[in-house]
Structure formats: C-alpha cells, structure tokens
Amino acid sequence: LGIKLLQSAGIVVGIITGRCSKIVTRRAKELGIAHVIQGREDKLTALNEFCSQLNIDLSEVAYMGDDLPDRKAIMAAGLGATVGNGAADVIAVADWQSESNGGEGAVRELCEAWLKSLDLWSHLVEQLD
C-alpha cells in the first residue's frame, strides 16, 4: 500500500537489486513499478542510470537499502534510508532508519514517513475511505 500511495501522489518508484528474479519482476508489475534494475551489485551506478533516465538529480531521490552494496547509494541520495536490521556500516551513513526490519514493513514505514513529511498523508488516507 505504501508504494501505491507514493505513486498516487506522483512519486516515481523504482527497484534496484543485485539479484535477478522472476518474483521481483512479477511483484513490480503487480505494483505498477516500471523501473526495475536487476543483477546490479554497483547500486550507485545503477541509481545514477535511473536518475539519468528520468532526468532527475540524486538530491531528489530517496533510496532505501540494507547492506554494504547499498552504502554508496544511500550516501548519495537526497534521503538515504535503511531498515531496522540494516548492516551497522549502512546504519552509520543513513539519514533515516525504520523501526521495522527488512521484509516486515520497513518500505511501507518509509513511504508513510515520506508522505507525512510532504503533508500528503492525511489527504491520501481520506481518499481510501
């Protein structure tokens, strides 16, 4: 739901992952995520490519990751975020950390916090009623 709410607010969502997985492809399609970069361990390079494709600056991006390959991208993004159980070296450089662990609602938590910071949350929740 968090990702869908971001998208309904006009925020573009993408996935960058080191794995290549049909499951990720299927889930992205279900969520309407058009920008999926798989099989990339150099997350910062992939993030720069993503920004170039969309003609946006890194300062306009929120990036969430949990492990060492995400560290440089987290540092470069306008908002670098990690999960509650992220690697210690990632937590040390992140601007924001979820209370939830990865796979337990951390992305949704970030989506909600971000939409609240933009004063969009209440309006979006009202639309769900």
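So, here is what we can say about the structure in this document. (Residues numbered from 1 in each chain as written. Predicted model: local features only at pLDDT ≥ 70, side-chain atom pairs only at ≥ 80, totals over all residues. Heavy atoms only, no water.)

1. Points about the side chain of Lys-43
Mapped onto the elements, Lys-43 comes out in helix H3 (residues 43-54). On the basis of relative accessibility, which here comes to 8%, the residue Lys-43 falls in the buried class. Apart from the residues lying within four places of it in its own chain, the contact partners of Lys-43 are Ile-16, Thr-17, Gly-18, Tyr-63, Pro-69, Asp-70 and Ala-73. (Helix = DSSP H or I, 4+ residues; strand = E, 2+ residues; numbered from the N terminus. Buried < 20%, exposed > 50% of the residue type's maximum accessible area, 1.4 Å probe, protein only. Contact = heavy atoms within 4.5 Å.)

2. Considerations on the nonpolar core
Counting residues in hydrophobic clusters, the biggest one holds 13 residues, and the most contacted among them are Ile-16, Leu-47 and Tyr-63. Only H3 and helix H4 (71-76) provide two or more residues apiece to this core. Per element, the largest residue contribution to this core is 4 residues, and it comes from H3. Once residues within four sequence positions are removed from consideration, Ile-16 is found in contact with Ile-37, Lys-43, Ala-46, Leu-47 and Tyr-63. Listed in part, the 12 residues of the second largest apolar core include Ile-3, Leu-6, Ala-28 and Leu-31. (Core = buried A, V, L, I, M, F, W, Y, C linked by side-chain atoms within 4.5 Å.)

3. Remarks on the sheet that holds strand E5 (residues 96-97)
Pairing is parallel across the open sheet formed by 3 strands, whose spatial order is E3-E4-E5. In the strand order of this sheet, the two ends are held by strand E3 (62-65) and E5, each with one partner. Across 4 bridges, E3 lies against strand E4 (residues 79-82) in parallel orientation. The partner of Gly-65 across the bridge, within E4, is Thr-82. Each of E3, E4 and E5 is contacted by helix H6 (residues 106-117), which is oriented at about 160° to E3, the strand it contacts most. (Pairing = 2+ DSSP bridges. Axes fitted to C-alpha atoms, helices over the stretch in contact; angles between N-to-C directions.)

4. A few points about the pairing of E4
Taking the sense of rotation as the criterion, the β-α-β connection linking E3, H4 and E4 turns out right-handed. The sheet contact formed by E4 and E5 spans 2 bridges and is parallel. By the bridge assignment for E5, Ala-81 is matched with Trp-96. (Right-handed = clockwise from strand over helix to strand, strands pointing away.)

5. Here's the deal with the environment of Lys-4
Counting through the fold element by element, Lys-4 comes out in helix H1 (residues 2-8). When the C-alpha atoms of Lys-4 and Gly-105 are compared, they prove to be 14 Å apart, with 101 residues separating the residues in sequence. With near-sequence residues (within four places) excluded, Lys-4 lies in contact with Glu-30, Leu-31 and Gly-32. Polar contacts involving the side chain of Lys-4 include one to the main-chain carbonyl oxygen of Leu-31, which spans 3.4 Å. (Polar contact = N/O pair within 3.5 Å; in protein donor to acceptor, adjacent residues only side chain to side chain.)

6. Describing unusual backbone geometry
One non-glycine residue, Asn-55, lies in the positive phi region at around 55°. The class of Asn-55 is exposed, set by a relative accessible area of 72%. In this structure, Asp-119 is a non-glycine residue whose phi angle is positive, near 55°. Checked against the element boundaries, Asp-119 lands in the loop between H6 and helix H7 (121-128). Judged by relative accessible area, Asp-119 falls into the exposed class, the value being 70%.

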